[in-house]
Amino acid sequence: MLSIGKRALPLVVALPLLVAATPAPAAAAAAAPTTVLTQGSCSIHSAWKITMAYADGRIEAAFEVDQGKIGASWRVRLTHNGVAYFKGTVKTLAPDGSFEVNKFVPNLAGVDTIRGSAINLASRETCLGSASL
């Protein structure tokens, strides 16, 4: 028969309780998202949306403005962690009166933040938004 000394008995009794009380790993409790969508209103009546998703070691980032009017020109600027990666003029050519700028950016260490700004060249309406992944 196995003999346990009086000093070891509290450890034998407490060990199963310690194992049962160990919390689950943080990664299992709160997994990092693989896609992010943020959206908001522009200064007049349009709406903006930024979508970010991991794709082949990079991040696919899309900035969309929905104005509801085909043919409007917008000056657009996009930044990735403060560095501009797109500047240009785009038109709302989609049937629903929207435009989208879709680009791949590198997946940098830490949090990646995309900021989008768009100014309607006729009405001066502005759209400003950001998303982080």
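A brief report on the enclosed structure follows. Here the residue numbering is sequential within each chain, running from 1 through the sequence in written order. In keeping with the predicted nature of the model, local features appear solely for residues at pLDDT of at least 70, side-chain atom pairs appear and are counted solely at 80 or more, and the whole-chain, interface and lining totals rest on all residues. The basis for every side-chain value is the complete set of non-hydrogen atoms in the structure, without hydrogens or water.

Attention shifts here to the packing of aromatic side chains. For any two aromatic rings, the description comes down to two numbers: the centre-to-centre distance and the angle of the planes. Aromatic pairs are defined between Phe, Tyr and Trp rings, using the six-membered ring for Trp, whenever the two ring centres lie within 6.5 Å; interplanar angles under 30 degrees are classed as stacked, those over 60 as edge-to-face, and all others as tilted. On inspection of all chains with the given rule, the structure shows two aromatic pairs. Ring plane angle 65° and centroid distance 6.4 Å describe the contact between Phe63 and Phe99, whose orientation is recorded as edge-to-face. Placement of Phe63 in strand S3 (residues 58-66) and of Phe99 in strand S6 (residues 98-106) is noted, with a sequence separation of 36 residues between them. An angle of 50° between the planes, with centres 6.0 Å apart, marks the rings of Trp74 and Phe99 as tilted. On the criterion of sequence distance, the pair formed by Trp74 in strand S4 (residues 73-80) and Phe99 in strand S6 is long-range, its members being 25 residues apart. Exposure class is identical for Trp74 and Phe99. Each is buried. Among the aromatic residues, ring-to-ring pairing joins Phe63, Trp74 and Phe99 into one connected group. Numbered from the N terminus, helices here are DSSP runs of H or I no shorter than four residues, and strands are runs of E no shorter than two. We call a residue buried when its accessible area falls under 20% of the maximum for its residue type, exposed when it is over 50%, and partly exposed in between, using a 1.4 Å probe and counting protein chains only.

In this section: the sheet that holds S6. The strand order S1-S2-S3-S6 describes an open sheet built from four strands, whose pairing is antiparallel. Sheet topology places strand S1 (35-41) and S6 at the edges, where each strand pairs with a single neighbour. Pairwise comparison of adjacent strand axes, ignoring direction, gives a mean angle of 15° for this sheet. Two strands pair when backbone bridges link them, and S1 and strand S2 (residues 47-55) are joined in this way by seven bridges, in the antiparallel orientation. Residue Gly40 lies in a different strand from S2, and its bridge partner there is Trp48. One requirement defines pairing of two strands: DSSP has to find at least two bridges between them. To get an axis, fit a line to the C-alpha atoms, keeping to the stretch in contact for a helix; angles then go from 0 to 180 degrees between the N-to-C directions.

The subject of this paragraph is the side chain of Asn120. Summarising the element assignment, Asn120 is placed in strand S7 (residues 113-120). Residue classification places Asn120 among the buried residues on the basis of a relative accessible area of 2%. Note on contacts: a residue pair qualifies if any of its non-hydrogen atoms lie within 4.5 Å across the two residues. Apart from the residues lying within four places of it in its own chain, the contact partners of Asn120 are Gln67, Ala72, Ser73, Trp74 and Glu125.

By convention in this document, the label disulfide applies to cysteine sulfur atom pairs within 2.5 Å. For the structure on display, the rule yields one disulfide. Covalent S-S linkage joins Cys42 and Cys127, the inter-sulfur distance amounting to 2.0 Å. Because the torsion about its S-S bond is 110°, the bridge between Cys42 and Cys127 counts as right-handed. With Cys42 in the loop between S1 and S2 and Cys127 in strand S8 (residues 126-132), this residue pair connects regions lying 85 residues apart in the sequence. Under the relative-accessibility criterion, Cys127 is labelled buried at 0%.

Turning our attention to the pairing of S3. Note: S2 against S3, nine bridges, orientation antiparallel. Residue pairing for S3: Ala55 is matched across the bridge by Arg58. Across nine bridges, the pairing between S3 and S6 is antiparallel. Each residue of the ladder has a partner; that of Asp66, found in S6, is Ser98.

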